[in-house]
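# Structural overview for review
What follows is each chain in one-letter form.
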Amino acid sequence: MSAHHAHDDRPRLRRRKFLQATAVAASGLLAPSVHAVSAHRTAQDELRVALIGAGYQGRILLSAAVHIPGLRVSAICDIWKSSQNFARNFLELNQQPNVPVYDDYRELLAQQRDLSAVLIATPDFVHAEQTNACLEAGLHVYCEPMMAHTLPAARSMVDTARRTGRLLQIGFQRRSHVRYRHAVDKLLREAQLPGRLHVVQLQWAQGAKALHGWPRRADIPVDVLRRYGYADMTQFRNWIWFPEYCAGPYGAFATQQLDVCHWFLGSPPQLVTAVGDRGFYPDRPQLDSVFALYQFPYQDHTVRVSATMLTTTGTEGARQFERFLGDHGSVQLAENPRWTRVGREPTAAEWDEWVRRNYVVRQEAVAAHAAADEQADVHVSGELEPYRIPIEVTTLPCQAHLENFVAAVRGEAPLNCPAEAAYASHVTALKTLEATQSRAEVSLEVSDYAV
Amino acid sequence: MHDEHSELVTVCHEAMATEFAITFAHVDARYARQAAAEAFHELDRLESRLSVFREDSDLARLARQPQGAAVRVDPDTYACLAVALAMEHETGGALNIAHRMRPRCQAADAIRLLPHALAVEPRVPHVALDLGGIGKGFALDRLAALLDQWDLSSVLLRASRSTLLAGDAPPGEAGWPLRFGPGSGGAKVCLQRAALSGSGSDVKGGHIVDPRTGQPATHRRLAYALALTGAEADALSTAFFVLTDAEIGDFCRRHPGTAAYGVDAGDVTLRALQPIHAQHTQVTAS
C-alpha cells in the first residue's frame, strides 16, 4: 500500500471565490510580515510528526499542531477516506500541500523515514499496538487517553517506552493547562486555599446525543473495517459505546478527571465503591452513568472523592468540573472559565496575601456584597466570598500539552504527563468499572499501581 | 421571515447566542438528523473560533496581540475575515467589523491579512472585531458545505429569524417558499441556491449606527438582502440598512446575484430597492 493523495472536497469554496479574491485585493497582498507566526528555527530544527487517527480528537490535535513553531505534521494516517480528506485539506489550507496519506500505520512507519514522533488519536483498543510499534521504530509518541482499555496493554506501553528510551506523553491535557497548573501549584499546594481538604467532587455530565452517522458515500467496505478490527460502520463511528474498543464513557471522560486527583493528591485511592447503569441508553452496551466514591490518603487524613459521569437531558446540567472542598474554602476547576470558581469561607482567614501575589482576584461583586453585609441579619449564615483565577488561556485546546511534548522531545523540558504518571488513573478507572459489576467495595493496593 | 413548507424534518441548535435550524426535504429523517448533528458539531467549533466571548478564540487571541504581531488563525476564521474585508471594501465601509473600535476606523485599517501565513496582523493597538454582522451567515455557508458531503443539498438553513440559506429546491418545487417583510405589505420569495437576510430596528430595537459616519441610520426601518451565500446576504443586509437607495442600486448592478428590499422609516410597505433577477428566485407581493 502506498501513500496516495486525497481529493479536494470543498465544493462551496467556489461560491466565495470572488469575495476572497477581492479580499486579497483589499488587503493589498503586501509582503507578509510573518515574524510573529513563523518558527524561529531552521529547517534542520523542524520536528516532523505524523498524525495517526484524524477523527474528532485528531482534528483538535491537528489544529493545535499548526500553531506550534517548528512542528510540522508531515504525514497523515487514518483508515477512513473522509478523515484523510479533512486532514489533508486542512494542512493544504495551512500552506502544507501534498502531505502523504496512509491507511495503515505500518505502511506509514515503513515509508516515512523523516519522522521524529507520532501523535496517536485512534480508538483506545489500538493504542497499545500502535504506540509500541512506533516506540520500537525509534519515535517519540503523544497518545490520547485512555492509554488502553486493559491494564496489561497500558502497562506494555510504559514498558516499551522505558526499554526504548523514547518519550511517551499521554494526552491528559489538564496537566499542561495554564489555569490548572496555576491552581494546583499555587492555590492548592502552596496557598492551600481550601484549608484542610475533605472532599473532591468530579463531575462529567453531557447532554444526550444520538449515535454518530456518516455520509453514505463515505462507507468503508466491510472487509476493510474487519481488517482493522471493527464490526461495522456503526461501531466504527461510535466505538466509545462498545466494549470491544474501549472502557466506555467513564474510561474516556472520568479518567481525565481522576488524573487531576492523582496529580494533586499524589497517591492512589485505597477504596472504591461504585454503581453504574445504562438507564439512559439501554440499547448501548457501555454504562451511560456512573457514581463512584473513593478514599484517597492525603497528608494525615483521608479525602473522599466522588466521581459522577452522567448523561443528562439538557445543556444546563451538562458541565465538567473538579471541585476541591476544605474547611477554609473551595477551588472549582474547569476548562470552561465560566465554571471555574474559588470561594473563601467567611470564617477563614483573609486571603489578602494571595490577592497581593495575584494568585486570586476578588470578584467585583464582592465589594457591594460586603457593604450590604454590615447590615446583615446576624441569623443569616455567611456566604462564600467569591474569587476568580487571574489566568487566561491563550492557546488552542491541547496546544499547551502538545507544546510540552515538543519541548520534551527537544530536551528542553520534562513531560508533563509521562505514561508512568498517567497509568495510575487508568488503574483507578478500570477498578471502578469492576466495582460497578461486582457491586462491592473494592480495595486498592499500592501494588495495583506498580508499573 | 417564515418557512411555509410543511412535512419536513427540522433540527435546531443553540449557538452564537441564537437558534440555528436546518430543514431537510429528505425522506430519511434519521439520516438527516445524523447529518444535522455533524453540522452542529461543526457550528460549535466555528463559534469557538469566531466568538469574542471565548478566551481562546481566534478573535480573542487577536485582541491580545500587540500592534504588528501577527497571529495565526483557523482557515475558517481567515476566510470569514477575508469576506468581511471584501464586503467592507465593496460597500464603501457600510459593513465594518471594527465598528466598535475607538477612535473609529475601518477594519482594513485595523488588521492586515497575511495569506501565506494564514495569519492576521493588528495594524493598530487593541483590535476589537465583531463578526456579528456576518458570522452567522458565514456559518450557514459552512454548514451547507458539510451537508453537501452527506448528499443533502435540498435544505433550508436558518440562523435566528434573520438569515436564511436555501439549497436545492425540495423535490417537485420551484424553490423554498418564504415570506419576508413586515406583517402586512411583505413579499413572498421562492428561494433556491441563494440566501436572504434581514436587518432592522424592529427586531433588536434601538438604532443601527452607520459605521461611515458614527451616526444612527434613520432613513430605513427594515432592509433585506438576497445574495448567493449566507455570508454575503448577512453582511449586505447590515450594509443595506445604512446605504442610500442609489448606493444600493449601484452595488447590486456591480454584483450580479444580489438584490435588495426595504421598508422606509415610518412606512409599512416593502419595496424593491434593487429587484432580484436570478433565474431560480422569484419575489412576489405577499
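Note that the coordinates shown come from a computational prediction; the quantities given were computed from them, not determined experimentally.

### Some remarks on the sheet that holds strand β3 (residues 18-24) of chain B
Residue and element names in this part refer to chain B. Spatial strand order, β2-β3-β7-β8-β11-β14-β15-β16: eight strands in an open sheet with antiparallel pairing. The open sheet has two edge strands with one neighbour each: β2 (9-15) and β16 (271-274). The sheet shows a mean angle of 15° between the axes of neighbouring strands, taken without regard to direction. Relative to β3, β2 is paired through seven bridges, and the arrangement is antiparallel. Bridging from a neighbouring strand, Cys12 pairs with Ala21 of β3. Sheet strands touched by helix α7 (residues 230-242): β8 (163-166), β11 (194-200), β14 (220-227) and β15 (259-264). Its angle to β14, the strand with the most contacts, is close to 155°. Contacts from helix α8 (residues 245-254) reach β14, β15 and β16 within the one sheet, and its direction differs from that of β16 by about 60°.

### Observations regarding the packing of aromatic side chains
The relation between two aromatic rings is expressed through the spacing of the ring centres and the mutual angle of the planes. Scanning the model with the defined rule gives 19 aromatic pairs over all chains in all. Between the aromatic rings of Tyr294 of chain A and Phe296 of chain A, the centroid separation amounts to 6.2 Å while the plane-to-plane angle is 65°, which identifies the pairing as edge-to-face. The burial state of Tyr294 of chain A is the same as that of Phe296 of chain A; both residues are buried. Both rings, one in Trp351 of chain A and one in Tyr387 of chain A, keep their centres 4.9 Å apart while their planes meet at 45°; by these two values the pair is tilted. Of this pair, Trp351 of chain A sits in the loop between β13 (341-344) and α11 (352-356) while Tyr387 of chain A sits in strand β15 (residues 385-388), placing them 36 residues apart in sequence. Using a relative accessible area of 4% as the deciding quantity, one classes Trp351 of chain A as buried. Note on Tyr387 of chain A: relative accessible area 1%, which makes it buried. By way of ring pairs, the aromatic residues Trp80, Phe125, Tyr230, Phe236 and Tyr245 of chain A are connected into one cluster. Across from the ring centre of Phe86 of chain A, 4.2 Å away, lies the NZ or CZ of Arg59 of chain A, which sits over that ring. Directly above the aromatic system of Tyr31 of chain B lies the positively charged group of Arg216 of chain A, at a separation of 3.8 Å from the ring centroid.

### Concerning the packing of helix α1 (residues 29-50) of chain B against helix α5 (residues 135-149) of chain B
For any two helices packed against each other, one specifies the inter-axial angle together with the distance between the axes. Residue and element names in this part refer to chain B. Across the interface, α1 lies against α5 with an axial gap of 9 Å and an inter-helix angle of 145°. You can see that α1 and α5 cross each other, and the crossing is right-handed. Every residue of α5 that contacts α1 at Ala35, Glu38, Ala39, Phe40, Glu42, Leu43, Leu46 and Leu50 is listed here: Phe138, Ala139, Arg142, Leu143, Leu146 and Leu147. Counted by class, the contact of α1 with α5 contains 11 nonpolar, no polar and three charged residues.

### Things to note about the side chain of Ser330 of chain A
Mapped onto the secondary structure, Ser330 of chain A falls in strand β12 (residues 329-333). When residues no more than four places from it in sequence are discounted, the contact partners of Ser330 of chain A are Phe324, Leu325, Arg341, Val342, Gly343 and Leu384 of chain A.

### Some points on the pairing of β15 of chain A
Here is the key point about a regular strand: its side chains alternate between the two faces of the sheet. Residues and elements named next belong to chain A. Judged by which residues are buried, β15 turns out to be one-sided: Glu385 and Tyr387 face inward and are buried, whereas Pro386 and Arg388, on the alternate face, are not. One ladder, built from three bridges, connects β13 with β15; its direction is antiparallel. Bridge pairing in β15 links Arg344 to Glu385. Where strand β14 (residues 361-362) lies against β15, two bridges are found, and the strand directions are antiparallel. Residue Val361 lies in a different strand from β15, and its bridge partner there is Arg388.

### Some remarks on the confidence of the model for chain B
Confidence along chain B averages 90 in pLDDT terms, with 92% of residues attaining 70 or more. Strand β1 (residues 2-3) of chain B is the least confidently modelled element of chain B, averaging 46 in pLDDT, while strand β5 (residues 111-114) of chain B averages 98, the highest of any element.

### Digging into helix α10 (residues 248-265) of chain A
Residues and elements named next belong to chain A. The terminal C-alpha atoms of α10, which comprises 18 residues, lie 25 Å apart, in line with the 26 Å expected from a rise of 1.5 Å per residue. For α10, the principal kink sits at Ala254 and spans about 40°. With 18 of its 18 residues buried, α10 lies for the most part within the structure. Gly266 occupies a position one or two residues after α10 and carries a positive phi of about 85°.

### Quick look at the pairing of strand β5 (residues 140-143) of chain A
Residue and element names in this part refer to chain A. Residues His140 and Tyr142 line one face of β5 and the alternating positions Val141 and Cys143 line the opposite face, and both faces are buried. One ladder, built from four bridges, connects strand β4 (residues 117-120) with β5; its direction is parallel. Across the sheet, Leu119 pairs through a bridge with Tyr142, a residue of β5. The handedness of the β4 to β5 crossover, carried by helix α5 (residues 127-136), is right-handed. Judged from the three bridges that link them, β5 and strand β6 (residues 168-170) form a sheet pairing that is parallel. Within the sheet, the bridge partner assigned to Cys143 lies in β6 and is Ile170. With respect to chirality, the unit in which β5 leads through helix α6 (residues 151-164) into the neighbouring parallel β6 is right-handed.

About the thresholds
- Residues numbered from 1 in each chain as written.
- Chains lettered and ligands numbered in written order.
- Predicted model: local features only at pLDDT ≥ 70, side-chain atom pairs only at ≥ 80, totals over all residues.
- Heavy atoms only, no water.
- Pairing = 2+ DSSP bridges.
- Helix = DSSP H or I, 4+ residues; strand = E, 2+ residues; numbered from the N terminus.
- Axes fitted to C-alpha atoms, helices over the stretch in contact; angles between N-to-C directions.
- Contact = heavy atoms within 4.5 Å.
- Phe/Tyr/Trp six-rings, centres within 6.5 Å; stacked < 30°, edge-to-face > 60°.
- Buried < 20%, exposed > 50% of the residue type's maximum accessible area, 1.4 Å probe, protein only.
- Lys NZ or Arg CZ within 6 Å of the ring centre and 35° of its normal.
- Left-handed = near helix turned anticlockwise from the far one by under 90°.
- Nonpolar A, V, L, I, M, F, W, Y, C, P; charged D, E, K, R; others polar.
- pLDDT = per-residue confidence, 0-100.
- Expected span 1.5 Å × (residues − 1).
- Bend = angle between axes of the 7 residues up to and from the residue.
- Right-handed = clockwise from strand over helix to strand, strands pointing away.

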